[in-house]
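Reading the structure
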Amino acid sequence: ISEETKLDLTFLRTQLEQLLDQKPIEPIVPALVTTEKKVRKSKYQKAEMYLIYYMLKSGEVIRTYDHKITYMPTEKYRLLAREISYYYKTYGEIIEADFITFVSDSEMMMKAVGEIISLDLKDDYTMEEIIDYINTIRDYNIKVETERLKKLMRSEPDPLKKAAIASKIVALKVRGENYDS
């Protein structure tokens, strides 16, 4: 190498020794990227995340969310969806970069946005996909409420109250089957 580069041999040796003596440089991890273990997401959590992803891209999806979803089970996604909806109603459009700036004061919101943005989804969507995500979230809400009512019914000694609770369970299941798409 010394002959090819016309550099002094002692100079090259000292440079090599300095490189070997240096401590390894630790990579800097950006704030939005987490190094936590990947936790397997349920189909309900995936539906929430995918719906929010498309909410960040389209006002049409936000309007559909506002019209059809009453409750998202995961708190961080529920709060993020509400913020997206509020932002859209306030400014009349959704621009991803501006929305990130809008929620940048909240560390929890920034982590949730980071999770959503890191999803590797296609940018185009169909309303059928969006309705499927919404129906999956509704199914979960009905499932949780049904379980709560069943537990309440098991602990209730009065047969009339048990019958009333059972009719609520039936009404939930019927409502779940009759989604208005």
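A short tour of the structure in this document, coming up. (Residues numbered from 1 in each chain as written. Predicted model: local features only at pLDDT ≥ 70, side-chain atom pairs only at ≥ 80, totals over all residues. Heavy atoms only, no water.)

**Observations regarding the pattern of salt bridges**
If the charged atoms of two oppositely charged side chains come close together, the side chains can form a pair. The test is simple: Each reported salt bridge corresponds to a side-chain nitrogen of Lys or Arg within 4 Å of a carboxyl oxygen of Asp or Glu. Burial classes: relative accessible area under 20% of the type maximum marks a residue as buried, over 50% as exposed, and values in between as partly exposed (1.4 Å probe, protein chains only). Per the convention used, a helix needs a DSSP run of H or I reaching at least four residues, while a strand needs a run of E reaching at least two, with both numbered from the N terminus.
The full count for this structure, using the stated rule, is 7 salt bridges. Ionic pairing is found between Lys122 and Glu129, a salt bridge with its closest N-O pair at 2.7 Å. Lys122 gets classed as partly exposed once you look at its relative accessible area, which sits at 42%. A salt bridge links Glu145 to Arg148, with the nearest nitrogen and oxygen atoms 2.7 Å apart. Of the two residues, Glu145 and Arg148 both sit in helix α8 (residues 127-155), 3 residues apart, roughly one turn of that helix. For Glu145, a relative accessible area of 27% corresponds to the partly exposed category. Here the salt bridges do not stand alone but share partners, grouping Lys41, Lys76 and Glu115 into one network.

**A word on the packing of helix α4 (residues 59-68) against helix α5 (residues 75-91)**
The condition is simple: Axis lines are fitted to C-alpha atoms, over the contacting stretch for helices. Their N-to-C directions set the angle, which ranges from 0 to 180 degrees. If you view the pair so one helix is near and one far, a crossing is left-handed when the near helix is turned anticlockwise from the far one by less than a right angle, and right-handed when it is turned clockwise. Two residues qualify as a contact provided that any one of their heavy atoms is within 4.5 Å of a heavy atom in the partner residue. Polarity classes work like this: nonpolar for Ala, Val, Leu, Ile, Met, Phe, Trp, Tyr, Cys and Pro, charged for Asp, Glu, Lys and Arg, and polar for all others, with Gly in that last group.
The contact between α4 and α5 brings their axes to 10 Å, and the two run at 115°. In this structure, α4 crosses over α5, and the sense of that crossing is left-handed. Side by side, α4 and α5 meet where Gly59, Ile62, Arg63, Tyr65 and Asp66 of the first sit next to Arg78, Ala81, Arg82, Ile84, Ser85, Tyr88 and Lys89 of the second. Tallied by class, the residues present in the contact of α4 with α5 amount to 5 nonpolar, 2 polar and 5 charged.

**With respect to the packing of aromatic side chains**
Defined as follows: Put simply, two rings from Phe, Tyr or Trp (the six-membered ring, in Trp's case) pair if the centres are within 6.5 Å, and we call them stacked under 30 degrees between planes, edge-to-face over 60, tilted for the rest.
Inspection of every chain in the model, using the stated rule, returns 11 aromatic pairs. Ring geometry for Tyr44 and Tyr140: centres 4.7 Å apart, planes at 45°, overall tilted. Note that Tyr44 is positioned in helix α3 (residues 43-55) and Tyr140 in helix α8, a separation of 96 residues in sequence. For Tyr140, a relative accessible area of 26% gives the class partly exposed.

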